[in-house]
Amino acid sequence: MTDQLFTTPKEPKPRRPFFLRRGPMENIATAVIGLGFLMLFQPFAMILYTWSLVTLLAGTAMFIIVSKFPE
Amino acid sequence: MDQVTLVTDTNSSFVDKAADAAVRATPTTVANRVRGMSDRSIAWAFITPTIALLLAINIFPLLWAIYLSFTNFRANRPNAAIDNVGLRNYERVLNDADIWQAMQTTAHFVFWTIVLQTVIGFTLAYLIDRKFRGHAFWTTVILIPMMLSPAVVGNFWRFLYQPQIGLFNYIVSFFTGIPPSSFEMLGSVSLAPWAIILVDTWMWTPYVMLICLAGLRSIPDYIYEAAEVDRASGWRQFWSITIPMALPFIMLAVLFRGIENFKMFDMVMLLTGGGPGSTTEVASITLKREAFESWLTGRSSAFAILLFVAVFGLANIYVKALNKVKQR
């Protein structure tokens, strides 16, 4: 009984590194897609339009990968 | 009670007879083959035709378009040698000022149609949900434009917009006093984009209304009753109950309309054909010109892939947002 009272609590599981966590990485991927989307349709700078596909592709690929990570 | 038993008996004997007939009609070879299959195999047998069809008409053309986007293939020269040009098609599409302009036109069209359709559609759904006398009749009347073919809608709105004989100009003239033949909705650079937005809003607002109505009808009455007990005002109930609970449905409507409007082709083609000049030339019309007028199939494939990636990325964001809203 006393043993049970004095046992030290189990150490919490070590948290996964930031870049392997689904929540924040999904948010980053969403931000990249949003940025690419704005770059594609903005009327201000041609250079942003030129790089929009790369940004969109990077965001979409990232989203597909990180959405498979555990919560 | 006897009657009920009698009816049930009649039904069950009818079902038995039908089952017997089906068993007798099934060829013995087929019956033996199915009897030896596991549930999993039967499930696969049912979904295989659908998967095969999906692969043939969706996945294969997509992969083929990706392949073509890296080549100099021209559909009007099917026997010419196909060379791999690497990323040159993408380079040209992403440095073309006309395509960039078409993207801006598309963005303008998509943004305003979605804003107008969501606001008007939700308002109509909110009013119809009040269940006033004859609300079923008015729901049907409001839904009529959605049931028409875009080709028909495009054609009759072209007549409505005619400056000499069109009804639209006369209505505007009646309310504003401007002479009906003094403005041309489809011929004016500043009015043509709005003319298309108006037609699309007229046609597709009922669709948004229908989805929002489903959302509003799914809100249980007891939540409003509890709010009444807590003396919440109508305004407070609207912002704290109605909007949050109908939000997943509104977002779904926005997603469907957003994706659909990015691909908008038929109505714009029939109304203005992209004109005057290129003021209403949305991305799909530019794509059609590149593919079937200039016959630059490789380049137009690269352009199509660009649009696909944009819509796919947008759909990802929306699905994530939708899941978040549902979890609340």
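Residues numbered from 1 in each chain as written. Chains lettered and ligands numbered in written order. Predicted model: local features only at pLDDT ≥ 70, side-chain atom pairs only at ≥ 80, totals over all residues.

S.K.: Explanation requested: the overall build of chain A in the structure shown.
M.R.: Looking only at helices and strands, chain A has 4 helices and 0 strands in total. In chain A, the order of α-helices and β-strands from amino to carboxyl end is α-α-α-α. Buried positions account for 24% of the 71 residues belonging to chain A. When contacts within chain A are restricted to residue pairs at least 6 apart in sequence, those whose partners lie at least 24 apart make up 55%. (Helix = DSSP H or I, 4+ residues; strand = E, 2+ residues; numbered from the N terminus. Buried ≥ 20, exposed ≤ 12 C-beta atoms within 10 Å, placed from the backbone. Contact = placed C-beta atoms within 7 Å.)

S.K.: Help me out: how do you make sense of the overall build of chain B in this one?
M.R.: Counting secondary structure elements, chain B contains 14 helices and 0 strands. Written out in order from the N terminus, the α and β elements of chain B read α-α-α-α-α-α-α-α-α-α-α-α-α-α. Taken against the 2.2 N^0.38 rule, which gives 20 Å for 328 residues, the C-alpha radius of gyration of chain B at 27 Å runs more than 25% over that of a compact globule. The 328 residues of chain B split such that 26% are buried. Expressed as a percentage of contacts within chain B between residues at least 6 apart in sequence, the contacts between residues at least 24 apart total 71%. (Rg over C-alpha atoms; globule rule 2.2 N^0.38 Å.)

S.K.: Please explain the interface of chain B and chain A as it appears in this structure.
M.R.: Every contact between the two is made by 16 residues of chain B and, on the other side, 18 residues of chain A. Counting only elements with at least two residues in the side of chain B that touches chain A, the list comes to helix H5 (97-128) and helix H14 (297-327) of chain B. Considering every element that reaches the side of chain B that touches chain A, the biggest residue donor is H14(B), with 9 residues. Residue composition of the side of chain B that touches chain A, by class: 11 nonpolar, 4 polar and 1 charged. (Nonpolar A, V, L, I, M, F, W, Y, C, P; charged D, E, K, R; others polar.)

S.K.: Hey, could you run me through the UniProt feature "transmembrane region" (unreviewed entry) in chain A in this one?
M.R.: All names here are of chain A. Here, the residues flagged by UniProt with the feature "transmembrane region" (unreviewed entry) are residues 23-41 and 47-66. In this annotation, residues 23-41 is assigned 100% helix and 0% strand; the end-to-end C-alpha distance for the span is 27 Å. Note that residues 47-66 is 95% helix and 0% strand, and that its end C-alpha atoms are spaced 28 Å apart. (UniProt positions renumbered as here; feature names shortened; annotations may be inferred.)

S.K.: Sorry if this is basic, but what is going on with the environment of Val141(B) here?
M.R.: By secondary structure assignment, the location of Val141(B) is in helix H6 (residues 135-147). Separated by 65 residues in sequence, Val141(B) and Pro206(B) place their C-alpha atoms 9.6 Å apart.

S.K.: So what exactly am I meant to see when it comes to helix H8 (residues 167-176) of chain B here?
M.R.: Helical periodicity: at 3.6 residues per turn, an α-helix aligns residues three or four positions apart in one direction. Counted residue by residue, H8(B) has 1 buried out of 10 residues, so it is predominantly exposed. The positive-phi residue at the C-terminal boundary of H8(B) is Gly177(B), with phi of around 85 degrees.

S.K.: Help me understand the packing of helix H4 (residues 52-66) of chain A against H14(B), please; the structure alone is not making it clear to me.
M.R.: Close contact between H4(A) and H14(B) brings their axes to 10 Å; oriented N to C, the two are set at 45 degrees. As summarised for this structure, H4(A) and H14(B) are arranged oblique, according to the angle between their axes. For the element pair H4(A) and H14(B), the recorded crossing hand is left-handed. Across the interface between the two elements, Leu53(A), Leu56(A), Leu57(A), Gly59(A), Thr60(A) and Phe63(A) from H4(A) touch Leu306(B), Val309(B), Ala310(B), Phe312(B), Gly313(B) and Asn316(B) from H14(B). The residue inventory of the contact of H4(A) with H14(B), partitioned by class, reads 8 nonpolar, 4 polar and no charged. (Axes fitted to C-alpha atoms, helices over the stretch in contact; angles between N-to-C directions. Parallel < 35°, antiparallel > 145°, perpendicular 65-115°, else oblique. Left-handed = near helix turned anticlockwise from the far one by under 90°.)

S.K.: Would you take a moment to explain the confidence of the model for chain B for this structure?
M.R.: The predicted structure's coordinates, where accompanied by low pLDDT, should not be read in detail. Residue and element names in this part refer to chain B. In this model, chain B carries a mean pLDDT of 87, and residues with pLDDT of at least 70 account for 93%. Taken together, the stretch residues 1-10 has pLDDT below 50 and engages in 0 contacts with residues farther than four places along the chain or on a different chain. Interface confidence for the predicted complex, given as ipTM, is 0.79, next to a pTM of 0.79. (pLDDT = per-residue confidence, 0-100.)

S.K.: Would you mind showing me how to read the environment of Phe111(B) here?
M.R.: Within the element layout of this structure, Phe111(B) appears in helix H5. Distance from Phe111(B) to Gly258(B), taken between C-alpha atoms, is 8.3 Å for residues 147 residues apart in sequence.

S.K.: Whenever I open this one, the domain arrangement of chain B confuses me. Can you help?
M.R.: Note: interface size is frequently given as the accessible area lost on complex formation between the parts. With domains assigned, chain B is organised as domain 1 (2-68) and domain 2 (91-327). Each of domain 1 of chain B and domain 2 of chain B was reduced to a C-alpha centroid, and the two centroids are 39 Å apart. (Domains from an automatic or database assignment.)

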